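Residues per chain, in single letters:
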Amino acid sequence: MTALRRTMIFCVAMILWALTAGVSVLAQEKSAASASQQVMVIRAGTLIDGKSDSPRRNQSIVIRGNRIESVSDTGNAKIPAGANVIDLSRATVLPGLIDSHTHIFLQGEDPSRGGYDANILNYPLSFRAARATVAARRALEQGFTTLRDVETEGAGYGDVGIKKAIEEGYIPGPRLFVSTRAISTTAGYPLEGYAPELKMPTGAQLIDGPIEARKAAREQLGHGADWIKVYMTHRSWAGKNGELVSQPTLTVEELKAVVDETHGWGKKVACHAYGGIGLHRALDGGCDSIEHGLDLDDAAIAQMLNQGTWYCPTLSVYYYDWEPADTPAGKRDRLRASLHEESFKKAMKAGLKIVFGTDIGGIPWTDSIAQEFPRMVELGMSPMEAIKSATSRAAEMLDMAGQIGVIVPGAYADVVALASDPLQNIKQLEQIRFVMKDGKVFKNELQ
Ligand SMILES: [Zn+2]
């Protein structure tokens, strides 16, 4: 073959390739455009929109692509031609739910199954990632379309990978706000209780001093953390006078370095804190949310109100895995639950900004996430307030107000439904029968 002929063949091949590649790019763009134009209408018998104080009857929600376009009375609704109608006229429709405290990489802490340590010691990361994938799916099946996942418990940046796999459509799952490794201090997080000669892995990144603290925050933010999680208390026990004592971890200076760095990235810091010194350091250091807050004293509540700090109580998990009543650990377990109830009531009375969170992962993923709702309502929160704590209020904490946690024009089409009225019986939120995330129906058992 002559050089000229070779060049000609090459040129023709290139032109053909360019043409077919062009066509396929065009086809992709066309299908993306038609998907973004796809219109759906949900006819809602009862609509709890996540924001209003009372439900509305017979509403039509028009969804174009992945966004809500309009919400109006079904009688007056203008239904675009060719719209796909989903009839939920006998159901209660709500925004996709938000759990603001989860651990997709944790799979229960049952002592008879090796407790917390088994999570880290017994399983390769690939196995843990597989279980986290199932956990994410479980959350979506139960109507939780957004999670703030607050630490991977020794699984490094695995949450960033799961989030990416969900966003790219490889696996189903909620919108994830991830916090990667979390930060505590030396002797401030398990694994613990092994021979001191052994170098054990730890569930969190341990730092000492403001320089290491800032460096850890930079590493985690650099690798994709949406939030930074800090442990401000660790061990707890019943003290001499029946009080709950919690071991503090980071100093105010260490925490301030983390908070300063994280706020500089436009992100927020969630602080695990039970009470006492560690809780006060958390507030003095400028934490954006207090996790658990089992033992909120009046000064802490006043400071939280003043600073606009969020409170994510996670009640349910403290009723799991109690040690026998006559042991020190058993006394502590019961004390934690009873103080928690009082703290929750005080927080409500004071008007703290409360968000729904479960700590699921500490609870087995086979259990119900929505079990937290009746806990909140039994302690005096109205069903509507409890729903808001898992919708619009959580969205506000996540800087997603108007985008998620509400059914209003412009929001992402994250919509769930159930056959009964959760305002009459809050437990019914365990029976979510319809789930749409980002404009796509994930499950529909109502039609
Ligand atoms: Zn937790």
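Residues numbered from 1 in each chain as written. Predicted model: local features only at pLDDT ≥ 70, side-chain atom pairs only at ≥ 80, totals over all residues. Heavy atoms only, no water.

1. Some words on the overall build of the chain
- The helix and strand tally for the chain stands at 12 helices and 19 strands.
- Scaling as 2.2 N^0.38, a compact globule of 447 residues should have a C-alpha radius of gyration of about 22 Å, and the chain matches this with 25 Å.
- Out of the 447 residues in the chain, the part that is buried amounts to 50%.
- For the chain, restricting intrachain contacts to residue pairs at least 6 apart in sequence, the fraction spanning at least 24 positions comes to 68%. (Helix = DSSP H or I, 4+ residues; strand = E, 2+ residues; numbered from the N terminus. Rg over C-alpha atoms; globule rule 2.2 N^0.38 Å. Buried < 20%, exposed > 50% of the residue type's maximum accessible area, 1.4 Å probe, protein only. Contact = heavy atoms within 4.5 Å.)

2. Details of the coordination of the zinc ion
- Protein coordination at the zinc ion comes from His101 (NE2), His103 (NE2) and Asp359 (OD), with a distance range of 2.1 to 2.2 Å.
- The motif formed by the donor residues of the zinc ion, counted along the single chain, is H-x1-H-x255-D. Side by side, histidine 101 and histidine 103 carry an identical accessibility label, which is buried. (Donors = N, O, S within 2.8 Å, 3.2 Å for Na, K, Ca; no water.)

3. What to know about helix H6 (residues 252–264)
- An ideal rise of 1.5 Å per residue puts 18 Å on 13 residues; H6 measures up with 18 Å between its terminal C-alpha atoms.
- On its buried side, H6 packs onto strand E8 (183–185), strand E9 (205–207), helix H5 (210–222), strand E10 (227–231), strand E13 (268–275) and helix H7 (276–284).
- Immediately downstream of H6, the backbone of glycine 266 shows phi near 75 degrees, a positive value. (Expected span 1.5 Å × (residues − 1).)

4. Description of the nonpolar core
- Counting 78 residues, the largest nonpolar core has Val230 and Phe373 as its most contacted members.
- Residue contributions to this core peak at 5 residues, all from helix H3 (residues 125–141).
- Structurally, this core is a two-domain feature, drawing no fewer than three residues from each of domain 2 (38–95 + 408–444) and domain 3 (97–370).
- Ignoring anything within four residues of it in the chain, the contact list for valine 230 reads Ile183, Leu250, Leu255, Val258, Val269, Ala270, Cys271 and His272.
- Counting 20 residues, the second largest nonpolar core, distinct from the first, contains Met40, Ile42, Leu47 and Val93. (Core = buried A, V, L, I, M, F, W, Y, C linked by side-chain atoms within 4.5 Å. Domains from an automatic or database assignment.)

5. Structural notes on the sheet that holds strand E18 (residues 432–437)
- If you walk across this open sheet you meet the 7 strands as E3-E2-E1-E4-E17-E18-E19, and the pairing is mixed. Edge positions in the sheet fall to strand E3 (67–73) and strand E19 (440–444), since each of these pairs with one other strand and no more. Strand-to-strand, the axes of this sheet are offset by a mean angle of 30 degrees, without reference to chain direction.
- Relative to strand E4 (residues 84–95), strand E1 (residues 39–47) runs parallel, the two being bridged by 7 bridges. Paired with isoleucine 42 across the strands is isoleucine 86, a residue of E4. (Pairing = 2+ DSSP bridges. Axes fitted to C-alpha atoms, helices over the stretch in contact; angles between N-to-C directions.)

6. Regarding the side chain of threonine 358
- Here threonine 358 shows up in the loop between strand E16 (353–354) and helix H10 (372–378).
- Residue threonine 358 is classed as buried on the basis of its relative accessible area, which comes to 2%.
- A distance of 3.0 Å separates a polar atom in the side chain of threonine 358 from the backbone nitrogen of isoleucine 360.
- Apart from residues no more than four positions distant in its own chain, threonine 358 is found in contact with Asp99, His101, Thr102, Thr314, Val317, Ile363, Ile369 and Glu372. (Polar contact = N/O pair within 3.5 Å; in protein donor to acceptor, adjacent residues only side chain to side chain.)

7. A word on helix H8 (residues 298–307)
- By the burial criterion, the buried members of H8 are Ala300, Ile301, Gln303 and Met304. Summarising the axial view, the buried residues of H8 lie within an arc of 165 degrees, below the 170-degree limit, and thus occupy one face. Opposite the packed face of H8, turned more than 90 degrees from it, sit the exposed residues Asp298 and Asn306.
- In the segment just after H8, glycine 308 is the residue with positive phi, at about 70 degrees. (Arc of directions from axis to C-beta.)

8. Some words on the side chain of arginine 148
- Residue placement: arginine 148 occurs in strand E6 (residues 144–149).
- One polar contact links the side chain of arginine 148 to the main-chain carbonyl oxygen of serine 100, over a distance of 2.7 Å.
- In terms of polar contacts, arginine 148 uses its side chain to reach the side chain of serine 289, at 3.2 Å.
- In contact with arginine 148, not counting residues within four places along its chain, are Asp99, Ser100, His101, Thr102, Phe177, Trp227, Ala270, Ser289, Glu291, Cys312, Met397 and Leu398.

9. Considering the packing of H5 against H6
- Taken N-terminus to C-terminus, the directions of H5 and H6 make an angle of 30 degrees; their axes are 8 Å apart at the nearest point. The pairing of H5 with H6 is recorded here as roughly parallel in orientation. As H5 runs across H6, the sense of the crossing is right-handed. In this structure, H5 contributes Pro210, Ala213, Arg214, Ala217, Arg218 and Leu221 to the contact, and H6 contributes Glu253, Glu254, Ala257, Val258, Asp260, Glu261 and Thr262.
- Partitioning the contact of H5 with H6 into residue classes produces 6 nonpolar, 1 polar and 6 charged. (Parallel < 35°, antiparallel > 145°, perpendicular 65-115°, else oblique. Left-handed = near helix turned anticlockwise from the far one by under 90°. Nonpolar A, V, L, I, M, F, W, Y, C, P; charged D, E, K, R; others polar.)

10. Considering unusual backbone geometry
- The omega torsion across proline 190 and leucine 191 is 20 degrees, close enough to zero to call that bond cis.
- Of note, leucine 191 is situated in the loop between E8 and E9.
- Within the chain, alanine 182 stands out as a residue other than glycine whose phi angle is a positive 70 degrees.
- Structurally, alanine 182 can be placed in the loop between strand E7 (175–178) and E8.
- Using a relative accessible area of 0% as the deciding quantity, one classes alanine 182 as buried.
- We note that aspartate 359 has phi near 70 degrees; this positive angle belongs to a residue other than glycine.

11. As for the domain arrangement of the chain
- Each assigned domain of the chain is listed with its residue range as follows: domain 1 (1–34), domain 2 (38–95 + 408–444) and domain 3 (97–370).
- Measuring from the centre of the C-alpha atoms in domain 2 to the corresponding centre in domain 3 gives 32 Å.
- Listed as interface residues are 13 residues of domain 2 and, on the opposing side, 15 residues of domain 3.
- Counting each side, the surface lost to burial between domain 2 and domain 3 is near 1100 Å², with a carbon and sulfur contribution of 63%.
- A per-residue breakdown of the area domain 2 buries against domain 3 is headed by Glu430, Lys437 and Phe442, which together make up 47% of the total. (Buried area = accessible area lost by both parts, 1.4 Å probe.)

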